[in-house]
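Each chain, letter by letter, is given below.
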Amino acid sequence: MRKFLKYFSFVFFVTILSISTVCALENDTYTNENGVIMTEEQISNLKSLQFTDKQIERMTQDEFDMNKDLVGELQSADTIYYKTTYIPNPVNTYSSIKSEEDKYITINEEVTEEEYNANFGITPLVNCGEGDSCWQNEYKMLKTTITKVGNEYRFRSDLEWNLAPNCRSMDVLAMVFNSTNISPVATSKYARHDWHWSKYDREVGWQDLYNHSIYNANSSFWRISLGGYSAVFPLKADQISSDGEHIDRVWDQSMYMYFNVKKSTNVVLYVLDVYGSYQHAQEKVDLAKLADIVLDPSAYNIINFKDASTTKKYDNMRKTHAQLSGISW
């Protein structure tokens, strides 16, 4: 494992160097890793819409075309950071535990940005054997923003794991607003799931790869609720390599979603509120259980599952709240 980690670090470093070289500005244009050609002005536009450098680097042609000519003005943002600690269950021995979920006692707590950044990319201790007293920590960040785009406003939430979580099942990212005087622009909703992984191939050895899933407006993973949307994200798990002798590891995962809203009445609005939520499944969840998700802006985490037993499987991370006041819209 130590040799593999050294190799992974080297490959990651070389990858970053190659991206910096290939994707440099040439003739006032920039080409990202997907071959999308961008001008400096278009990159500035994307950043004004709250896309990060990493997201621009991996952006597809379709999403670029949707956003390249839009100019945004950030109005409000709210960011929270969470730490999850898995403590080996002292009551049971591994031989008596009936399910994977019973191996740990799980503690969730909000932490500072400084603690999150200090632990970003640190590999937790995993694969505890019988009798070990090792703990595993995970960190995640949720950010929700309101951005003015022309005569509309864009609501957006970004979720980032510092490393792939211990349990990987069906997670939910959602946003909801509490005004009946605005309505979402259905065709503007978009979500994306990114992950970074190392794959072993018998002929070429280890490969450092990035992959993604895109949720366009017609994706079956969207859930429509009064005043907002939620999206279900099946987290990517490690798997046995094609040679049957290695494990293809997923190192980190992130996702984002956004949609625009417009006025639906002639009532003048002086305040805009949007609430974001990310609920992480700490046990395996059947996708069929997530057919109906109800969003409530007044709830602690805004996401309500109709099945009470399903609710208990999620970590109950509190909601974000981005508010814009003093407007006349």
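Everything below is about the structure printed above this text.
In this text the structure is predicted, and so the values were computed from the model without any measurement.

### Overview of the packing of aromatic side chains
Thought 1: Under the counting rule described, the total for this entry stands at 15 aromatic pairs.
Thought 2: Taking the centre distance of 5.8 Å and the plane angle of 90° together, the rings of Phe-51 and Tyr-258 count as edge-to-face. Here Tyr-258 lies in strand E14 (residues 247–263) and Phe-51 lies in the loop between helix H2 (40–48) and helix H3 (53–57), a separation of 207 residues in the sequence. Each member of the pair, Phe-51 as well as Tyr-258, carries the same accessibility label: buried.
Thought 3: On the numbers, 4.8 Å between centres and 15° between planes, the contact of Tyr-215 with Phe-233 is stacked. You can see Tyr-215 sitting in strand E10 (residues 205–215) and its partner Phe-233 sitting in strand E12 (residues 228–234), a full 18 residues away along the chain.

### A word on the environment of Lys-199
Thought 1: Position of Lys-199 among the secondary structure elements: in strand E9 (residues 190–201).
Thought 2: Along the primary structure Lys-199 and Leu-209 are separated by 10 residues, whereas in three dimensions their C-alpha atoms are 7.2 Å apart.
Thought 3: Other than its neighbours up to four places away in sequence, Lys-199 contacts Gly-205, Trp-206, Gln-207, Leu-209 and Asp-248.

### Quick look at the pattern of salt bridges
Thought 1: Taken as a whole, this structure holds 11 salt bridges when the rule is applied.
Thought 2: Here Lys-140 ties to Asp-315 by a salt bridge, and the two come within 2.9 Å at their closest N and O atoms. Taken together, the residues span a long stretch of sequence, with Lys-140 in strand E5 (residues 136–149) and Asp-315 in the loop between helix H6 (308–311) and strand E18 (320–325) at a distance of 175 residues.
Thought 3: What makes Lys-140 buried here is its relative accessible area of 0%.
Thought 4: Among the residues examined, Asp-315 registers a relative accessible area of 7% and is labelled buried.
Thought 5: In the salt-bridge network here, residues are joined through shared partners; they are Arg-168, Asp-238 and Arg-249.

### A few points about the nonpolar core
Thought 1: Membership of the largest hydrophobic core comes to 32 residues, with the highest contact counts inside it found for Tyr-153, Phe-155, Leu-272 and Tyr-278.
Thought 2: The set of elements that each furnish at least two residues to this core consists of strand E3 (72–88), E5, strand E6 (152–161), strand E7 (170–177), E12, E14, strand E15 (271–279) and E18.
Thought 3: Setting aside its immediate chain neighbours within four residues, Tyr-278 contacts Lys-140, Leu-142, Leu-159, Trp-161, Asp-171, Val-172, Leu-173, Leu-235, Met-255, Asp-315 and Met-317.
Thought 4: Among the nonpolar cores identified, the runner-up in size contains 15 residues, and Ala-174, Tyr-275, Ile-302 and Phe-305 belong to it.

Reading the values: rules and limits
Residues numbered from 1 in each chain as written. Predicted model: local features only at pLDDT ≥ 70, side-chain atom pairs only at ≥ 80, totals over all residues. Heavy atoms only, no water. Phe/Tyr/Trp six-rings, centres within 6.5 Å; stacked < 30°, edge-to-face > 60°. Helix = DSSP H or I, 4+ residues; strand = E, 2+ residues; numbered from the N terminus. Buried < 20%, exposed > 50% of the residue type's maximum accessible area, 1.4 Å probe, protein only. Contact = heavy atoms within 4.5 Å. Salt bridge = Lys/Arg side-chain N within 4 Å of Asp/Glu carboxyl O. Core = buried A, V, L, I, M, F, W, Y, C linked by side-chain atoms within 4.5 Å.

Any functional reading would require information that these geometric values do not contain.
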